[in-house]
Amino acid sequence: MRFIPVTCGEQDEMLGSVGAPSIDGLYEDIPAGARLTRPLDLPGAMGEIELAAHIEKLAAANEDGSRVVSFLGGGCYDHYVPAIVDSVVSKPAFFTAYTPYQPEVSQGTLQAIYEYQSMICQLTGMEVSNASMYDGATALAEAALMAARVTKRHRVVVSATVHPEWRETLATYVESGTLDIVEVAAKDGVSDGAAIAAALDDATAALLVASPSFYGTLEDLRSLGEAAHEVGALFVVATDPVLLGVLEPPASYGADIVVGEGQSLGNAMSFGGPGLGVFACRKAHIRQMPGRVVGRTTDVDGRTGFVLTFSTREQHIRREKATSNICSNHSLNALAAGVYLAAMGSDGLAGIGRASVAKAHYLEDALVATGRFERVFGAPFAAEFTLRYRDDVAAMQARLHESGYLAGLDLGRFSADDAGLVLFAVTERHTRAVLDRFVEEVSAL
Amino acid sequence: MSDTDRIDARTAKAGTREPLTGTLIFERGAEESRCVEPPVLDVPSVDLEDVLGGHARAMAPALPHVTEVELARHYEHLASANFGVDSGFYPLGSCTMKYNPKVDEWACRLPGFARIHPYQPEETVQGALELMWGLQEALAEVAGLPAVSLQPAAGAHGELTGLLTIRAYHTANGDPRRRVLVPDSAHGTNPATVAMCGYEVVQVPSDERGGVDVAALKRLLDTDVAALMLTNPNTLGLFDENILEITSAVHEVGALAYCDGANLNAIMGWSRPGDMGFDALHINLHKTFATPHGGGGPGAGPVAVSEALASYLPGPVVAQRDGGFAFAYPERSIGRVRSYAGNFGVLVRAYTYIRAVGGDGLRDISGQAVLSANYLKTLLADAWPVTYDRTCMHEFVMSGGPLRKSTGVRTLDVAKRLLDYGIHPPTVYFPLIVDEAMMVEPTETESKGTLERFAAVLRRIAEEAAEDPGLLHGAPYSTPVRRLDEAAAVKNADVAWSPGDGSGR
């Protein structure tokens, strides 16, 4: 396929105007040793019809959610995406636009981001939200760096109940030695409050916890927050925003920064990316917040309008003194989240949460009743839960896969300590009939 | 002034319709309005307060209450107040705003790609892994560097990844170094990334031809320098003629050369960063391999590196194994830079694009992008001076300095006036080393006619500046809103609506 509108004849005319004998002539500044003198070793061009067939074949080689019943979660969830969401994000005026540097012709993007920020503030209870970050993991890492800037301290304490890949990302981000990380082991599937309190000191910039945690458990955020504030550290809470229709917002527990993976808000799983990094904080810290922010203002005629604001924190102005190197956001994913939340409304979001929670508890009870699984943690959970399988997890999963199920996430792959534990995620898409059939299959193991 | 008082020539033509933007989604609809009904609960209901252990939400978040038609119209209004590549010419320098084929969008939405989970067993996602492997191979070939990680989520994220990889390499060699050299023409992300990695930033001046001042570079190079971070072609749109001398001088002191791949669209199939002596490169898939920019993201910023750095790349990467494909983790990996394996949806678009155009197509794309830029520069030569008058790559930087001196009209005014002609302005005030800079990148997907019209409009604006500078100071006139009060935006810090703002509900 060819996406160049200039014809060969026009190309010759253009070369004539430029005064170059050929396109090769335009590359004369490239020294001989740096020139590629052979064609790229890549397959040849394809027409759209054969290309589509090739791509469809690759897609068909994957077992997607329409072909298997999946109980996989761990930060990426198969919630239903209303049709209106794709209709909006498919509008070329949104998806073919760039960063809104010229606000006069970017009001659509800017207002949509402002509305997204507003909705995130409503969900989390925080005062300000940025325009989004790459994903939950990078949002957590940036929260740690931000806490260090705010407190001028160099140490962060992170609970081991935070998603292991998020903790790995955090470790990579602070590899440069600018921050020390202290990781506190979990106890009974939740943060170990006493150990965390012991780990906090007056050099601690932040305490990082997740609720729901990676095990699906709900943490005692109130006492964790108090412990953080007692030493003057910021309290950073990671959460799953889709559940904030039914869960108390992190702000109620004194969170200073709230982060989360926003994929579940109207975005496809898409093999784990792109996701949507939710990032919200208190207004007092807005100048230390990473990423873009949109503000509401007026134009010369007094009309309401929106602009990128607080850009003096950003890399294009402050360069090496910027709050972070981020020069983009996941704008289209944030747009999808905004459309999703508006389509749901508070009742709808609560309904999604209520259904997910009820179905998760229904499945948990039923799986325990089969005698194949047992409860290991006593803490409450929302829509995701951990059970111990009484036998070989891999064999169980392989057997159930033959019957068309992806039977949860084997936590042994993240930590040898968690061998035998399986994490199940349930959404509103799992019908009772599907859950019952799955339980029957488990009973027959 | 109320909205009805403001019926000017433009809105009168369209009748007395409501303003396209400004009314928030929170201010539409009614308390009882719904778009999507909550699901029917087919399992026994639970007491949330009870099962959530006291964490049940007491007060509902104030989300909008709208019907689907209100939602659809709201976003259609917002969309019509937006300018995208599909709306018109978008010559935003350094951003490579080219037209994106629709087949790429179709591809990433196929359920086989959109509805798969990152933790599925590898045998259930062989198509996805094969695609990622194919993309890794293609990017390695274009880069001239053997190893690729697709994980970074954006260009700046790729920079961070690349530099951390270099850092890990030096550390493993027992040779921690403290400084990174960055040219004065570099993207702002470069120095910010260097600082994030805990290095000291040292600026390298440009020479009179717009390239790196090699003598100055050599004075700055010593065994405490970890890397040079260079964009080539650079942000002036120029290919650094001394590139081989530069990278070899960097290597002589044991430092590594990092290439910011933002401008890869100019050289695919003509010159490869690996062959120029670079050790690491990030590739902005969204710019070069045609993923729509989405109003600012998502993109993807894979990193390609030399053999020496390969084992430090973040995982997972995709490897061929037992006749199939599997995730693998480089031996001395710096660790992951995000969750899961990357912005897969963007990877699907990039792969689809590369297969559509093929290897020769990539070379044609770069060739045409460079020809279009040079043609446009020629058309504008007498009216809009270029600071460094050399053959440019896929973009060039004009200076509005002379126009400002003669008329008082600034580059910002010119940018705003372009909006009235239905053209998105070029990048303005970057790079910082050019007075009143205006950076133009036409890309290969614009027709000869579009380039000629743009040149004619810019010439006309230069005439307007001479005739009536006030006209330009007041521009734009035809956009949904006009110049916005950015100082007030900071002062008032109105960054989120809340129910107290008077929604009428």
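For the structure, see preceding data.
Structural notes, computed from the coordinates. In this text, all values refer to a predicted model and were calculated from it rather than measured experimentally.

Cut-offs used in this document
- Residues numbered from 1 in each chain as written.
- Chains lettered and ligands numbered in written order.
- Predicted model: local features only at pLDDT ≥ 70, side-chain atom pairs only at ≥ 80, totals over all residues.
- Heavy atoms only, no water.
- Helix = DSSP H or I, 4+ residues; strand = E, 2+ residues; numbered from the N terminus.
- Contact = heavy atoms within 4.5 Å.
- Areas by Shrake-Rupley, 256 points an atom, 1.4 Å probe, with all protein chains shown as cover.
- Lys, Arg positive; Asp, Glu negative; His and termini not counted.
- Charge placed at Lys NZ, Arg CZ, Asp CG, Glu CD.
- Salt bridge = Lys/Arg side-chain N within 4 Å of Asp/Glu carboxyl O.
- Buried < 20%, exposed > 50% of the residue type's maximum accessible area, 1.4 Å probe, protein only.
- Polar contact = N/O pair within 3.5 Å; in protein donor to acceptor, adjacent residues only side chain to side chain.
- Buried area = accessible area lost by both parts, 1.4 Å probe.
- Nonpolar A, V, L, I, M, F, W, Y, C, P; charged D, E, K, R; others polar.

## A closer look at the overall build of chain A
Helices and strands together make up the secondary structure of chain A, namely 13 helices and 17 strands. Principal-axis analysis of the C-alpha atoms places the extent of chain A at approximately 80 × 55 × 50 Å. Pairs at least 24 apart in sequence give 70% of the contacts found in chain A among residues at least 6 apart. For chain A, the accessible surface area stands at approximately 14100 Å², while carbon and sulfur atoms represent 49% of it. Side chains of chain A carry 34 positive and 55 negative charges; the gap between the two charge centres is 4 Å.

## A word on the pattern of salt bridges
Throughout the structure, instances matching the rule amount to 49 salt bridges over all chains. Two residues, B:Arg34 and A:Asp347, come together in a salt bridge whose shortest N-O distance is 2.1 Å. Taken as a pair, B:Arg34 in the loop between helix H1 (9-13) and helix H2 (48-51) and A:Asp347 in helix H11 (residues 331-369) lie in two separate chains rather than in one. Taking relative accessible area as the criterion, B:Arg34 reaches 25% and is therefore assigned partly exposed. The partner of A:Arg432 in a salt bridge is A:Asp436, and the shortest N-O contact between them spans 3.8 Å. One end of the pair is A:Arg432 and the other is A:Asp436, both in helix H13 (residues 432-443) and four residues apart, which spans about a single turn.

## A word on the side chain of A:Thr217
All names here are of chain A. Tracing the chain through its elements places Thr217 in the loop between strand S7 (204-210) and helix H9 (221-230). For Thr217, the side chain forms a polar contact with the side chain of Ser213, separated by 2.6 Å. Discounting residues that sit within four places of it in the chain, Thr217 has contacts with Gly189, Val190, Ser211, Pro212, Phe377, Ala379, Pro380 and Phe381.

## Quick word on helix H8 (residues 189-196) of chain B
Residues and elements named next belong to chain B. The buried count for H8 comes to seven of eight residues, which makes it a mostly enclosed element. All of the buried residues in H8 are Thr189, Asn190, Pro191, Ala192, Thr193, Val194 and Met196. Gly198 sits one or two residues past H8 and shows a positive phi near 80°.

## Structural notes on the interface of chain B and chain A
Chain B puts 196 residues into the contact, and the matching count from chain A is 188 residues. Between chain B and chain A the total buried area reaches about 16700 Å² when both faces are included, carbon and sulfur atoms providing 62% of it. Linking chain B with chain A are 14 salt bridges, by the criterion used here. Among the salt bridges present, the one from A:Glu165 reaches B:Arg336, with a minimum N-O distance of 3.3 Å. Viewed at the interface, chain A and chain B are joined by 98 residue pairs in polar contact (both at pLDDT 80 or more). Here the side of chain B that touches chain A takes 24 residues from helix H13 (residues 344-380) of chain B, the largest share from any one element. Of the residues contributing to the side of chain B that touches chain A, the split by class is 110 nonpolar, 49 polar and 37 charged.

These results come straight from atomic positions and should not be treated as a statement about function.
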